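# Architecture and fold: a report
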Amino acid sequence: MKIAVVGTGYVGLVTATCLAELGHAVIGLDKDRSKIVTIRSGRAPFYEPGLDDLLAANLKKGTLRFTDDEAEAIRASEVIFVCVGTPPQEDGSADMSQIEEVARTIAANLNGYKLVVEKSTVPVKTSAWIKKVMTAFKKSEHPFDVASNPEFLREGSGVEDFMNPDRVMIGVETERARDLLVRIYERFRDRVVISNIDTAELVKHASNSFLAMKISFINRIADLCERTDADVEMVARGMGLDDRIGKAFLKAGLGYGGSCFPKDVKALAKIGSELGVDMALFRMVDAINEDRIRVFVEKVRKAVWILKGKTVGVLGLAFKPETDDIREAPSIKVIDDLLKQGARLRLYDPKAADNMKGLFPEDGRAVTYVSDPYEAARGAHILLVVTEWDEIRRLDLAKVKALMVNPVLIDGRNVFDPAAVRALGFEYASIGRA
Ligand code: UDX
């Protein structure tokens, strides 16, 4: 099948590469020429385990190529996956201008039947808009269909998630569109779920919001644990053993970040309200998540009192381990708050430091980036765990303690065993554990 994938961001590049791996002839399209140049050399412009190898292999096979020539890519393809960004706006709604632009470009290049598949996380009813825009801007009478095929890829395991999906949601309104998508995903036939378009669009937002709700739920339970003798890790374990609840996404901590959960919960709350549905549940999920920063910084303040002039080591900057992505990372708000209080920061992350330098440039005084986690501890009055990289879990805490001025450790991801850390002589606080 001849496929174009518009947008070579995280979703687009993983999708293009994996569709080629499934045996299709794929053209990846992006307006950003510098990205195309990097990708053509077999390297993803971001860190994602396993992606570079698969990309290079499929480029070599010739089943995958990349271009910035929109007209050529669209005209050469029967199916077009739209994977452009839908960033959040001030009011919580998603900015759909890139989707509209792609719809117009496809409409201007209709040289035969096209199936336009939206894969970006979009509000319910987006397909209807794409259809309207294409109808208004099309320059020929060739037929086209619009379909929804939401992605459920987690950063850090995107390739694995694409190649071993729990389900492949296909939202269609014609048989032609259904047959094409079923053929594209032939290898996952047993996991294909077919519905109308609104349903498929809503499955994506509802799934992400449900997972976000589990996280906010356990975080509020963690707050409750701190005011009792309960231990949130054990509460989560006890709850998770019930199959109806499940143990995933019950890890208490600094809350969720990334390009999906914060945006999707806000967007779903907004759409629901516009449609006249009471979305208080979703607004609360978001509010609890926002409040995680206050809870964490409060622990820091309680441990060292005045932050002005004190050195704080920060372990982990990415929104979660195994990615260099800092979008909506809790670390950003933590850093911002600590800097406002006059702290001097020593920041460490194995992959995300360069991205963070764009937001908080190194100045040698308040902001210093270090390339080794132990260096973050050197001379520090307090050390914070913000992202639970394996490397951070495995730190030699005796060595860490020897480097610090004052052995205070605040663990925002519950990676360490409180008794063991305290036995080493640390003052230690974590989340939801007495
Ligand atoms: C998510 C969805 O999982 C994926 O299906 C969707 O397509 C895109 O959004 P991603 O944003 O890559 O993927 O990260 P995920 O692994 O789901 O974690 C999201 C956030 O929740 C991270 O900040 C993580 O640290 C946090 N989290 C996750 C918790 O705080 N506790 C948990 O128990 C699980």
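Calculation notes
Just so you know, the residues in each chain are numbered from 1, in the order the chain's sequence is written. Per-residue local features of the predicted model are confined to residues with pLDDT of at least 70, and side-chain atom pairs are confined, for both listing and counting, to 80 or more; whole-chain, interface and lining totals are unaffected and use all residues. Just so you know, side-chain values use all the structure's heavy atoms and leave hydrogens and water out. Note on geometry: axes are lines fitted to C-alpha atoms, helical ones only across the stretch in contact, with angles between N-to-C directions running from 0 to 180 degrees. Helix numbering and strand numbering both begin at the N terminus, where a helix is a DSSP run of H or I of at least 4 residues and a strand a DSSP run of E of at least 2. We call two directions roughly parallel when the angle between them is under 35 degrees, roughly antiparallel when it is over 145, roughly perpendicular when it lies between 65 and 115, and oblique otherwise. Note: crossing handedness is left-handed where the near helix turns anticlockwise from the far helix by less than a right angle, and right-handed where it turns clockwise. In what follows, residue pairs with any heavy atoms lying within 4.5 Å of each other are defined as contacts. Under this grouping Gly is polar, as are all residues other than the nonpolar Ala, Val, Leu, Ile, Met, Phe, Trp, Tyr, Cys and Pro and the charged Asp, Glu, Lys and Arg. One heavy atom within 4 Å of a molecule or strand is enough for the residue carrying it to be called near that molecule or strand. Polar contacts, as counted here, are pairs of nitrogen or oxygen atoms within 3.5 Å of one another; within protein the pair requires one atom able to donate a hydrogen and one able to accept it, and residues that are adjacent in sequence qualify only if both atoms are side-chain atoms. To estimate how far a helix should extend, the number of its residues minus one is multiplied by 1.5 Å. Bend, in this description, refers to the angle at a residue between axes fitted to the seven residues ending there and the seven starting there. All domain edges in this entry derive from an automatic or database-based domain assignment. Defined in terms of a 1.4 Å probe, buried area is the accessible area two parts forfeit on being brought together, summed over both. Definition used for salt bridges: Asp or Glu carboxyl oxygen within 4 Å of a side-chain nitrogen of Lys or Arg. Each residue is assigned to one of three classes by its accessible area relative to the maximum for its type, calculated with a 1.4 Å probe on protein chains only: buried under 20%, partly exposed between the two thresholds, exposed over 50%. A pair of strands is considered paired only if DSSP assigns at least 2 bridges between the two.

On to the packing of helix H11 (residues 261-274) against helix H12 (residues 280-304), then. At their nearest, the axes of H11 and H12 sit 8 Å apart, and the two run at 150° to each other. The angle between H11 and H12 places the two elements in the roughly antiparallel class. H12 is crossed by H11, and the crossing has left-handed handedness. Contact residues: H11 offers Val265, Lys266, Leu268, Ala269 and Ser273, while H12 offers Phe282, Arg283, Val285, Asp286 and Glu290. Its residues assigned to classes, the contact of H11 with H12 comprises 5 nonpolar, 1 polar and 4 charged.

Residues in close proximity to the ligand total 19 residues, the closest being Glu155, Lys204, Lys251, Gly257 and Lys320. Lysine 251 places a main-chain nitrogen or oxygen 2.8 Å from an oxygen atom of the ligand. It is helix H9 (residues 197-226) that contributes the most residues to the shell around the ligand, 3 residues altogether. Across the shell around the ligand, the residue classes tally to 9 nonpolar, 3 polar and 7 charged.

To continue, consider H12. The end-to-end C-alpha separation of H12 is 37 Å, in line with the 36 Å expected for 25 residues at 1.5 Å each. The principal kink in H12, of about 25°, is found at aspartate 291. Looking at the residues trailing H12, positive phi occurs at tryptophan 305, about 65°.

Moving on to the domain arrangement of the protein chain. For the protein chain, the domain assignment lists domain 1 (2-195), domain 2 (205-285) and domain 3 (291-429). Each of domain 2 and domain 3 has a C-alpha centre, and these two points are 24 Å apart. Taken residue by residue, the interface counts 16 residues in domain 2 and 16 residues in domain 3. Counting each side, the surface lost to burial between domain 2 and domain 3 is near 1300 Å², with a carbon and sulfur contribution of 48%. When residues of domain 2 are sorted by the area they lose upon contact with domain 3, Leu254, Gly258 and Ser259 head the list and together hold 44% of the total. At the boundary of domain 2 with domain 3, the tally comes to 3 salt bridges. The salt bridge involving arginine 220 is made with aspartate 291; its shortest N-O contact spans 2.9 Å. Viewed at the interface, domain 3 and domain 2 are joined by 8 residue pairs in polar contact (both at pLDDT 80 or more). The element best represented in the side of domain 2 that touches domain 3 is H9, accounting for 5 residues.

Turning our attention to the pairing of strand E4 (residues 79-82). Burial along E4 is two-sided: the face carrying Val79 and Phe81 and the face carrying Ile80 and Val82 are both buried. As paired strands, strand E1 (residues 2-6) and E4 are joined by 4 bridges and run parallel to one another. If you follow valine 5 over to E4, its bridge partner there is phenylalanine 81. Two strands pair when backbone bridges link them, and E4 and strand E5 (residues 114-118) are joined in this way by 4 bridges, in the parallel orientation.

With that settled, the discussion passes to the sheet that holds strand E12 (residues 382-385). The strand order E11-E10-E9-E12-E13-E14 describes an open sheet built from 6 strands, whose pairing is parallel. Edge strands, defined here as strands with exactly one partner in the open sheet, are strand E11 (367-369) and strand E14 (427-429). If you compare each strand with its neighbour and ignore which way they point, the axes differ by 20° on average. Strands in contact with helix H13 (residues 330-340) are strand E9 (311-315), strand E10 (344-348), E11 and E12; relative to E10, the strand with the most contacts, it is inclined by about 160°.

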